[in-house]
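# Understanding the architecture of this molecule
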Amino acid sequence: MGKFRPASDVLSRLRWDRAIDAADFIVGFEDRFAGAQEKALAQWKTEQTDEEFIPQHRILYFKRRSDGRVVWERRTRIDRIFGSGVLPADSTLS
């Protein structure tokens, strides 16, 4: 088991890596009142002054829309983006 990369690293890579289609990803997060929720990565606000800002420590997972595959999950420590944390047999992003 390697050092698990934080959600902030994954968020940055999904947004800025030109080889990855950011529109194909969903952020799963814990809402304080409603429980687990999902939001399109494109709608995720990182500016603390934004009314819809959600702290990154509430991020539970990142999932690909096209096939529903979870590519990073805090609870299980699976990281198919960087390959950190637990590496399942099918650990590649593709």
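See the structure above.
What you are looking at is a predicted structure, and each value in this text was computed from that prediction instead of being measured.

Here the focus is the overall build of the protein chain. Scanning the protein chain from terminus to terminus reveals 1 helix and 5 strands. Counting helices and strands in the order they occur from the N terminus, the protein chain gives α-β-β-β-β-β. For the protein chain, buried positions account for 36% of its 94 residues. Across the protein chain, every contact between residues at least 6 apart in sequence was considered, and the portion connecting residues at least 24 apart equals 49%. Total accessible area on the protein chain stands at roughly 5,900 Å², and carbon and sulfur atoms take up 48% of it.

Pairing is antiparallel in the open sheet, where 5 strands are placed in the order β2-β1-β3-β4-β5. Among the strands making up the open sheet, the edge pair consists of β2 (35-40) and β5 (78-79). Here strand β1 (residues 25-31) runs beside strand β3 (residues 59-64); their pairing, made up of 5 bridges, is antiparallel. Each residue of the ladder has a partner; that of V27, found in β3, is F62.

For the rest of this paragraph, the subject is unusual backbone geometry. Positive phi outside glycine occurs at R77, with the angle close to 60°. Relative to the assigned elements, R77 resides in the loop between β4 (70-73) and β5. By relative accessible area, R77 is classed as partly exposed at 30%.

Bridge analysis of β3 against β4 gives 3 bridges, and the strand direction is antiparallel. By the bridge assignment for β4, Y61 is matched with E73. Between β3 and β4, which follow one another and run antiparallel, lie 5 residues, and G68 among them has a positive phi close to 75°.

With that settled, consider the packing of aromatic side chains. Tallying each qualifying case throughout the model produces 3 aromatic pairs. Ring geometry for F4 and W72: centres 5.1 Å apart, planes at 15°, overall stacked. Separated by 68 residues along the polypeptide, F4 in the segment before α1 (7-16) and W72 in strand β4 bring together distant segments of the chain. A relative accessible area of 14% places F4 in the buried class. Between the aromatic rings of F62 and W72, the centroid separation amounts to 5.6 Å while the plane-to-plane angle is 65°, which identifies the pairing as edge-to-face. Within this pair, whereas F62 is found in strand β3, its partner W72 is found in strand β4, the two being separated by 10 residues in sequence.

Bringing the pairing of β1 into the picture now. The buried count for β1 comes to 5 of 7 residues, which makes it a mostly enclosed element. For β1 and β2, the ladder comprises 6 bridges, and the chain directions are antiparallel. Following the sheet pairing, G28 is matched in β2 by E38. Here β1 folds back onto β2, and the loop between the two strands holds 3 residues.

About the criteria used
Residues numbered from 1 in each chain as written. Predicted model: local features only at pLDDT ≥ 70, side-chain atom pairs only at ≥ 80, totals over all residues. Heavy atoms only, no water. Helix = DSSP H or I, 4+ residues; strand = E, 2+ residues; numbered from the N terminus. Buried < 20%, exposed > 50% of the residue type's maximum accessible area, 1.4 Å probe, protein only. Contact = heavy atoms within 4.5 Å. Areas by Shrake-Rupley, 256 points an atom, 1.4 Å probe, with all protein chains shown as cover. Pairing = 2+ DSSP bridges. Phe/Tyr/Trp six-rings, centres within 6.5 Å; stacked < 30°, edge-to-face > 60°.

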